[in-house]
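What follows is each chain in one-letter form.
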Amino acid sequence: MAAAMLSLLTLSACAVGPDFKPPPAPPVAGYTPEAKLAATDSTNVAGGAAQRFDTGRDIPGEWWKVFHSRELDGLIADALQASPNLQAAQAALWQAKENLYAQTGKLLPQVDAQSSAERQQFSPAAFGQAGPPQLFNLYQASINVSYAPDVFGGQRRQIESNAALADYQRFELEATYLTLTSNVVTAAVQEASLRGQIEATLDIIKVESDQLVVVKNQFDVGAAARTDVLTQQSEVATSQATLPPLQKQLEQQHHLLLALIGRFPSEPHGDRITLASLRLPTNLPISLPSQLVEQRPDVRAAEAQLHEASAQIGVAIANRLPQFNLTGAYGTAALTTAALFSPATLVWSAAANGTQPLFHGFTLLHQQRAAEAGYDMADAQYRNTVLGAFQNVADALRAVQLDAATLKADRNALSAASETLNLAEGQYRLGAITYVTLLNAQRLYQQSRLAIVQAQAARYADTAALFQALGGGWWNRTDVAPNPLSPDAADSAPAVDSTTTPITELHQ
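Here, residues in each chain are numbered from 1, in the same order as that chain's written sequence. Totals for whole chains, interfaces and linings use all residues, but because this is a predicted model, local features are given only for residues with pLDDT of at least 70 and pairs of side-chain atoms are given and counted only at 80 or more. Just so you know, side-chain values use all the structure's heavy atoms and leave hydrogens and water out.

**Student:** I keep staring at the overall build of the chain and nothing clicks. Help me out?
**Tutor:** Helix and strand definitions follow DSSP, with helices as H or I runs of at least four residues and strands as E runs of at least two, each counted in order from the N terminus. Across its full length, the chain holds ten helices and six strands. Each of the three principal axes of the chain carries a C-alpha extent, and together these read 140 × 55 × 45 Å. Between buried and exposed lies partly exposed: a residue is buried under 20% and exposed over 50% of the maximum accessible area for its type, with that area taken using a 1.4 Å probe on protein chains only. Among the 508 residues that make up the chain, the fraction classed as buried is 41%. Between two residues, a contact is recorded if the distance between any of their heavy atoms is within 4.5 Å. In the chain, the share of contacts with a sequence separation of at least 24, taken over all contacts with a separation of at least 6, comes to 84%. Roughly 26,200 Å² of accessible area belongs to the chain as shown, and the carbon and sulfur atoms make up 57% of that amount. In this count, Lys and Arg are taken as positive residues and Asp and Glu as negative ones, while His and the chain termini are left out. Just so you know, the charge point we use is NZ for Lys, CZ for Arg, CG for Asp and CD for Glu. Charged side chains in the chain number 33 positive and 46 negative. The centres of these two groups are separated by 2 Å. Residue exposure ignores everything except the shown protein chains as possible cover, and the areas themselves are Shrake-Rupley values with a 1.4 Å probe.

**Student:** What am I meant to see in the confidence of the model for the chain here?
**Tutor:** Predicted coordinates in areas of low pLDDT are best not read in detail. Confidence scores per residue from the predictor, reported as pLDDT, run from 0 to 100. Chain-level statistics for the chain give a pLDDT mean of 87 and a share of 91% at 70 or above. Confidence, expressed as mean pLDDT per element, reaches its minimum in the chain at helix H1 (residues 2–11) with 43 and its maximum at helix H8 (residues 297–318) with 96. Here residues 1–12 is a poorly scored stretch, pLDDT under 50, and it has 13 contacts once near neighbours within four places are set aside; other chains count. Within the model, pLDDT remains below 50 along residues 482–505, and this stretch shows 44 contacts once partners closer than five positions in the same chain are excluded.

**Student:** Looking at this structure, how should I read the pattern of salt bridges?
**Tutor:** Should the charged atoms of two oppositely charged side chains come close, the side chains can pair. Salt bridge, as applied in this entry: a Lys or Arg side-chain nitrogen positioned within 4 Å of an Asp or Glu carboxyl oxygen. Across all of its chains, the model carries 16 salt bridges by this definition. Residues Arg157 and Glu160 are paired through a salt bridge, measuring 2.7 Å at the closest nitrogen-oxygen approach. Highlighted residues: Arg157 and Glu160, both in helix H4 (residues 154–220), separated by three residues, approximately one helical turn. Arg157 sits in the buried class, given a relative accessible area of 4%. Here Glu191 makes a salt bridge to Arg195, at a shortest N to O gap of 2.5 Å. Of the two residues, Glu191 and Arg195 both sit in helix H4, four residues apart, roughly one turn of that helix. The exposure class assigned to Glu191 is buried, which follows from its relative accessible area of 3%. Here the salt bridges share partners, and the residues they tie into one network are Asp19, Arg157 and Glu160.

**Student:** I keep staring at the sheet that holds strand S3 (residues 134–147) and nothing clicks. Help me out?
**Tutor:** Through backbone hydrogen bonds, the strands of a sheet pair up, either in parallel or in antiparallel fashion. Note on pairing: DSSP must find at least two bridges between two strands before they are called paired. Taken in spatial order, the four strands of this open sheet run S2-S3-S5-S6, and their pairing is antiparallel. With one partner strand each, in any of the chains shown, strand S2 (110–122) and strand S6 (346–355) form the two edges of the open sheet. The average angle at which neighbouring strand axes cross in this sheet is 20°, direction not considered. Of the strand pairs in this sheet, strand S5 (residues 323–334) and S6 are connected by ten bridges, and their pairing is antiparallel. By the bridge assignment, Tyr330 is partnered in S6 with Trp348. Helix axes are fitted to C-alpha atoms over the stretch in contact, other axes to C-alpha atoms as well, and angles between N-to-C directions run from 0 to 180 degrees.

**Student:** What's the story with the packing of helix H3 (residues 84–104) against H4 in this structure? I'm lost.
**Tutor:** Describing two packed helices takes the angle between their axes plus the distance from one axis to the other. Two elements in contact, H3 and H4, have axes separated by 9 Å at closest approach and are oriented at 170°. In this view, H3 runs roughly antiparallel relative to H4, as classed from their interaxial angle. Each angle is binned into one of four classes, with values under 35 degrees roughly parallel, values over 145 roughly antiparallel, values of 65 to 115 roughly perpendicular, and all other values oblique.

**Student:** Is there a simple way to explain the nonpolar core in this structure?
**Tutor:** Here is a general trend for soluble globular proteins: nonpolar side chains tend to be buried in one another's company. The set of buried Ala, Val, Leu, Ile, Met, Phe, Trp, Tyr and Cys residues whose side-chain atoms join them within 4.5 Å is what this entry labels a nonpolar core. Trp63, Phe67 and Val185 are the most contacted members of the largest nonpolar core, which totals 80 residues. Ignoring anything within four residues of it in the chain, the contact list for Val185 reads Trp63, Trp64, Phe67, Leu72, Ile76 and Ala464. Leu194, Ile198, Leu243 and Leu250 belong to the second largest nonpolar core, which has six residues in total.

**Student:** Is there a simple way to think about the side chain of Glu208 in this case?
**Tutor:** With respect to the helices and strands, Glu208 occurs in helix H4. For Glu208, which is buried and forms no salt bridge, the nearest opposite charge comes from Arg443, at a distance of 7.2 Å. Here Glu208 is in contact with Gln232, Glu235, Val236, Ser239 and Gln446, once residues within four sequence places are set aside.

**Student:** Please explain the packing of aromatic side chains as it appears in this structure.
**Tutor:** Both the distance between ring centres and the angle between the ring planes are used here to describe each pair of aromatic rings. When the centres of two rings from Phe, Tyr and Trp lie within 6.5 Å, Trp using its six-membered ring, the rings pair. Their planes under 30 degrees apart give stacked, over 60 give edge-to-face, and anything left gives tilted. Under the criterion given, the structure shown has nine aromatic pairs. When the centroid spacing of 6.3 Å and the interplanar angle of 65° are considered together, the rings of Phe67 and Tyr460 count as edge-to-face. Pair noted here: Phe67 is in the loop between strand S1 (52–55) and helix H2 (70–82) and Tyr460 is in helix H10 (residues 435–469), with a separation of 393 residues, a long-range link. An aromatic cluster of three or more residues is present, and its members are Trp63, Trp64, Tyr177 and Phe467.

**Student:** Quick question: what am I supposed to make of unusual backbone geometry here?
**Tutor:** The phi angle of most residues is negative, glycine excepted, and most peptide bonds adopt the trans form. With a phi close to 50°, His68 is a non-glycine residue in the positive phi region. Among the secondary structure elements, His68 is positioned in the loop between S1 and H2. Of note in the backbone geometry, Phe362 takes a positive phi value of approximately 65° without being a glycine. Along the chain, Phe362 falls in the loop between S6 and helix H9 (363–429).

What follows is the structure, given as C-alpha cells:
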C-alpha cells in the first residue's frame, strides 16, 4: 500500500493539458503613424496651454490630481468611499479568492471523525437458529481518511483556473476603479462646461437685451423699422429659449455626479467646479506600446480569461484519464461505552481504488473539445481587446491634438467676432449699416462664445480620456482595500517596471 501511494504521489508531479504562457505584446512601435508626436497648439486662454507627449514616462496612481483641483479631488475621494459598484467589485474579488483557497484544499487528504450509538434487536431465526430475540447496544468511534492523488493534474488545473478567475476579478476591480474615477472627472468637467455655457448664454441675453433698447430708440426717432424691433425681440426670445435646456442638462449632470459619489439627488453638495479652477497638464505621459498590454485592466482581465480557458482544457483531459482514491479508517466498536477504547474493540481498514472511464456516450470527449473551443474564443476576445486598447489610445491622442487646434481656432474666431460685433454696434447707432448686418454679427458672436466654452471643456475631458486609455496608473496605487477575512490580505498589485512620475512634473 505504501509503495502504491508513493508511486501515485510521484506521478502526480505532472499535469496534463497546455501550460499557459501570456501572449506577447503586439509588435508595434507606436500608436500613430508618426515616429514622434508633436506638441499641441497653444492659445492665450484658460485651458489653452500647449501639451507635450513624454513617451515612456509612467502614470501616477492618482492621475486626476494633474488637474490640481481640490474640489475634484474631494469628489473622487467621496466616490471611492461610497460607490456601490466599487464595493461590489471588491466583494467579487474576495469571493474569487476564497473559492481559490477552497479549491486548493482538495489537494490535501480529507480527515473526518465519526461516532455513533445504536440500540437494536435481532432474531436468531434470521441466521437459522432458535432462541429468543437479542437486544444490544453498539457504540462506534473512528477516524476516516480519504485522499485522491492528483495523478494527472486535474485538480491542479482546476486550481489554476480558479486562480485565473481571481486574477480576472482583480483586474475587473481595477477597471471599475478606473471607470469610476474617469466618469467623475468627465461628469465634473461637463458640469463645469454647462455652467460656462449658461454664463455665456446669460451674457448673450444681456447683450441682446441691451441691443433691443438701442433698436427701440432707433425706432422711436424713425431711424429703424418696426420689423427691426420685432426681429431683435425674436433674437432675445430665441436666446432665452436656449437657457432652460442648458439648465436641464446641468441639473441632470449634477444628479449624475451625485450618484457617482454615492449621494442622493436631494442631498446638498457644495463642491462646484469651474473650468477656470482646473489646470491643464502640459506634460502628458505616454506609455510604450509594449507596456500598454500590462497596464490596461481590460487587457489583463481578458488575459486572465484566456488563462482560465487554458486550464479548463487540462481539467477536461484529466477527466478522461484514470481516477484514483485512497481511503482508510481507524476506530473502535463495542457493546458498552466502558469497553469502547479497549484493545479488543479496535477496528481499521485501508483501501485503494481506481476508475478508468470507458464509455460515457462521448461526453468527456466533447467536453474536452468544448474546452478547446472555449480557449480559441478567449484568444480571439483577447486579441480584440488589445486592438480596442490601442484604438482607444490613438483616438485619445488625436483628440488631444485636435482639441488644442479647435480651441485655438475658436479663440481666434471669438476675438474676430467680438471685434466685429463692437464695430457693428457702433456703426448701427450711426446708421452706417443695416440691421441685418448687425444681426449677423450678433449671431456669430453667440456661436463663438459657446464654442470656446465647449472647446475648453473638451481639452480637459479628452486629457482625462487619455489617462484612462493608458490604464490610469493602477499599478502605482496604494489604496486597495484588502480582504480582512482572507489569509492573503497582504496581496499587492502586479508591478510594472517603470518609475512613477510626480504630479508636479506633468506641468513643467
